[in-house]
Amino acid sequence: MEEKDVQQQEKEDVKEEVVEDAEQELVTEEESAESEEITVSNEEFEKLQQEKNELQDRLLRVQAEYDNFRKRTKKEKEADLKYKSQSVITELLPVLDNFERALQVEIEEKAAKGVVEGLEMVYRQLKTVLENEGVTEIETDGQTFDPNIHQAVMQVQEEGYESNQIVETMQKGYQLKDRVIRPAMVKVNQ
């Protein structure tokens, strides 16, 4: 029995040596693989670093573009709200002009005067509504010609007026808040 125990002991010792040799080989192979990986890793690291920098740069650009888009959209919405009534007001201006022309007619009949008074009330109400919306009349009388808000339809040479001064208003101009919706048509002194 002792001989069997000795043989078994020898077998176990051989197994342990084989296992140790295999482990030693694995460790050696791993070390050599790691050294190869390190040299490959440096090259890959540089590529990955460059790729990361490019992606980060693109991300920053996309974020900046998005911020600009948000700001531009916000400004457009504010402008839309500010000038939301411009199209309606533009169409009402000829009506306002016609009211003014109708009110310039002098009527002597008593029945017609009542109609004119009614027209005056409607005219004042329309002007009040337009003023509440931010519509203002462009000043022309005695003003210097400004091509941003005036449209010169005639040039005249009259005494008593300075050069480039407005002589007469042909058609009133209007602004909606700070935007000209119809320039004033004027005669300008040379």
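How each quantity is defined
Residues numbered from 1 in each chain as written. Predicted model: local features only at pLDDT ≥ 70, side-chain atom pairs only at ≥ 80, totals over all residues. Heavy atoms only, no water. Patch = residues over 30% accessible without salt bridge, like charges linked within 9 Å, V, L, I, M, F, W, Y side chains within 5 Å. Areas by Shrake-Rupley, 256 points an atom, 1.4 Å probe, with all protein chains shown as cover. Salt bridge = Lys/Arg side-chain N within 4 Å of Asp/Glu carboxyl O. Helix = DSSP H or I, 4+ residues; strand = E, 2+ residues; numbered from the N terminus. Phe/Tyr/Trp six-rings, centres within 6.5 Å; stacked < 30°, edge-to-face > 60°. Buried < 20%, exposed > 50% of the residue type's maximum accessible area, 1.4 Å probe, protein only. Pairing = 2+ DSSP bridges. Axes fitted to C-alpha atoms, helices over the stretch in contact; angles between N-to-C directions.

Asks: Would you mind showing me how to read a nonpolar patch on the surface here?
Replies: On the surface, V153, M154 and M170 cluster together into a nonpolar patch covering about 240 Å² of accessible area. Take M154: it is sitting in strand β2 (residues 150–156).

Asks: Explanation requested: the packing of aromatic side chains in the structure shown.
Replies: What characterises a pair of aromatic rings is the spacing of the ring centres plus the angle enclosed by the ring planes. Throughout the structure, instances matching the rule amount to one aromatic pair. Ring geometry for F99 versus Y123: centroids 6.4 Å apart, planes at 50°, classification tilted. Here F99 is found in helix α2 (residues 86–104), whereas its partner Y123 is found in helix α3 (residues 110–132), with 24 residues between them in sequence. A relative accessible area of 13% means that Y123 is categorised as buried.

Asks: What should I look at first to understand the sheet that holds strand β4 (residues 174–176) in this one?
Replies: Picture the strands of a sheet paired through backbone hydrogen bonds; they go either parallel or antiparallel. Strand order across the open sheet formed by three strands is β1-β4-β5, with antiparallel pairing between neighbours. A single partner strand is all that each edge strand has here, and the edge strands are β1 (135–137) and β5 (179–182). Shown here is a sheet whose adjacent strand axes are inclined to one another by a mean of 35°, direction ignored. With three bridges connecting them, β1 and β4 associate as antiparallel partners.

Asks: Can you help me understand the pairing of strand β6 (residues 184–189) in this one?
Replies: Working note: regular strand, side chains alternate between the two faces of the sheet. With five of six residues buried, β6 is to be regarded as a mostly interior element. In this sheet, β6 lies alongside β2 in parallel orientation, the contact comprising six bridges. For Q151, the partnering residue across the bridge sits in β6 and is M185. Relative to β6, strand β3 (residues 166–171) runs antiparallel, the two sharing four bridges. Its bridge partner lying in β6, I166 is registered against V188.

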